[in-house]
Amino acid sequence: MTSLKHSHTFGLNASCEKIHYIDSIEALKLHYQRSDRQAEYILGEGSNTIFLDDFEGDVVLNQLKGKAHQENENSHNLSVGSGENWHDLVSWTLAQKIYGFENLALIPGTVGAAPIQNIGAYGVEIAQFITSVEFYDIDENRMKLIKNEECRFGYRDSIFKHELFNRCFITAVNFLLPKKHTVNATYAPLDTLIKPCPEEIYTKVIEVRKSKLPDPKIQGNAGSFFKNPVISKEKLKSLLATHSKIPYFEVNDSAVKVPAAWLIDQLGFKGKEYRGVRCHDKQPLVLVNSGNGDGEGLLMLAREITQKVTQAFDIKLENEVRLVGRQGLVTL
Ligand SMILES: Cc1cc2nc3c(=O)[nH]c(=O)nc-3n(C[C@H](O)[C@H](O)[C@H](O)COP(=O)(O)OP(=O)(O)OC[C@H]3O[C@@H](n4cnc5c(N)ncnc54)[C@H](O)[C@@H]3O)c2cc1C
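Here's a quick rundown of the structure. (Residues numbered from 1 in each chain as written. Predicted model: local features only at pLDDT ≥ 70, side-chain atom pairs only at ≥ 80, totals over all residues. Heavy atoms only, no water.)

### A short note on the site of the ligand
Right, on to step 1. Taken together, 33 residues surround the ligand, and among them Ile42, Gly44, Ser47, Thr110 and Arg209 come closest.
Right, on to step 2. Here an oxygen atom of the ligand sits 2.9 Å away from a polar atom, N or O, in the main chain of asparagine 48.
Right, on to step 3. Protein contacts shield 95% of the accessible area of the ligand, which totals 990 Å² for the unbound molecule.
Right, on to step 4. Of all the elements in the fold, those that place two or more residues in the shell around the ligand are strand E4 (40-43), strand E9 (120-121), strand E13 (168-178) and strand E14 (221-224). (Near = heavy atom within 4 Å. Polar contact = N/O pair within 3.5 Å; in protein donor to acceptor, adjacent residues only side chain to side chain. Areas by Shrake-Rupley, 256 points an atom, 1.4 Å probe, with all protein chains shown as cover. Helix = DSSP H or I, 4+ residues; strand = E, 2+ residues; numbered from the N terminus.)

### What about the sheet that holds strand E16 (residues 249-250)?
Right, on to step 1. A sheet is described by the order of its strands in space; here 3 strands give the open sequence E15-E17-E16, paired in antiparallel fashion. At either end of the open sheet lies a strand with only one pairing partner, and these are strand E15 (230-232) and E16.
Right, on to step 2. As paired elements, E15 and strand E17 (residues 255-257) share 3 bridges and run antiparallel to each other. Residue pairing in the sheet places isoleucine 231 in a bridge with valine 256 of E17.
Right, on to step 3. Packing against the sheet, helix H4 (residues 233-242) makes contact with E15, E16 and E17, and its axis sits at approximately 85° to E15. (Pairing = 2+ DSSP bridges. Contact = heavy atoms within 4.5 Å. Axes fitted to C-alpha atoms, helices over the stretch in contact; angles between N-to-C directions.)

### Some points on the sheet that holds strand E8 (residues 75-81)
By definition, the strands of a sheet pair up through backbone hydrogen bonds, in either a parallel or an antiparallel sense.
Right, on to step 1. With antiparallel pairing, 5 strands are arranged side by side in an open sheet as E7-E8-E13-E11-E12. Where the open sheet ends on each side, the last strands, each with one partner, are strand E7 (67-71) and strand E12 (142-147). Sheet twist, expressed as the mean angle between neighbouring strand axes with direction ignored, is 15°.
Right, on to step 2. Relative to E12, strand E11 (residues 130-137) runs antiparallel, the two sharing 6 bridges.

### Considering the packing of aromatic side chains
Right, on to step 1. On inspection of all chains with the given rule, the structure shows 9 aromatic pairs.
Right, on to step 2. A centroid spacing of 4.9 Å and a plane angle of 50° characterise the contact between tryptophan 86 and phenylalanine 101, whose relative ring orientation is tilted. Taken as a pair, tryptophan 86 in helix H2 (residues 86-95) and phenylalanine 101 in the loop between H2 and E9 lie far apart in primary sequence, 15 residues in all. Pair check on accessibility: tryptophan 86 and phenylalanine 101 agree, each one buried.
Right, on to step 3. Centroid distance phenylalanine 101 to phenylalanine 175: 5.2 Å. Interplanar angle 75°. Geometry classified as edge-to-face. Of this pair, phenylalanine 101 sits in the loop between H2 and E9 while phenylalanine 175 is found in strand E13, placing the two residues 74 residues apart along the sequence. Each of the two residues, phenylalanine 101 as well as phenylalanine 175, counts as buried.
Right, on to step 4. Linked through ring pairs, Trp86, Phe101, Phe129 and Phe175 together constitute an aromatic cluster. (Phe/Tyr/Trp six-rings, centres within 6.5 Å; stacked < 30°, edge-to-face > 60°. Buried < 20%, exposed > 50% of the residue type's maximum accessible area, 1.4 Å probe, protein only.)

And the structure:
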């Protein structure tokens, strides 16, 4: 058995049968030609995955590195190995005066996992810069490329979480960043900056994230545990009758997004702890490992939160984080 404690940012004590390190396309092909594919889990930096228990299978760990940069009059085109660290890429682009990724600074994880849940922060989603995603089709044993339009990007969602889950190993992500760039400073607290340049946005985002979110290196966590639920305007209207202070953001003509943190906070979960897993004292959307947490405690807390939110608001919270148990994915 191999420990996974340091392979996922929540840091629960869990193990798997074996870890296969993939650092080249040749190693990747060889792995899948040999593998019988019984219970395997593809892993990047484990910042969106929590291993709740000892996983009865192997982990295939992505270490595909490298980046290529081309430019023309209008844009920068980047092709980046999926095992590169996302924040390092953001910092590198800014140092090259390539702009667009600044709002997404300090999001943990690999470049290859970024399209999977269409990472986003401060009004920007990565989907807007992706032209295509290269992957190894495990079922068909061959390399493929999928264009942005086919990726079905949505809020923390894409085809990689559905039809292509566990069927594809993302090897590279291709981006286009226009040279004519307008900064996005519409979201608080970026809206307090006066005529900010991308470098200022980058610095501010890092400062705010460091002050708001617990550092996984110090306190195990996987960022936002739940997605912000999207509800119909009709439903919002009926909720406002009983909860007049409910905050919301317009998504389109018929739907709004409600901050899950507000819903959880209303029910007094801040600081609630089961078996070493706690709802963060300041940011209730984040569950943290107090140091000796276990998977059972995490499930108890997460399930209680979803049940109470459903009871109080008739809203079903969905977990943003992948939960892996003995046999694979676990649902709440
Ligand atoms: C403190 C903190 C803050 C965060 N803030 C944000 C935020 O602001 N916005 C946001 O969107 N997310 C945020 N996250 C979530 C996380 O950073 C992202 O989801 C990130 O993209 C996960 O990358 P990873 O490499 O760690 O993924 P992992 O957890 O290793 O994997 C995530 C999923 O992708 C699959 N996968 C990984 N690599 C591949 C591959 N090469 N091919 C196929 N499948 C693969 C895995 O099987 C798994 O299902 C935060 C997390 C933390 C801990």
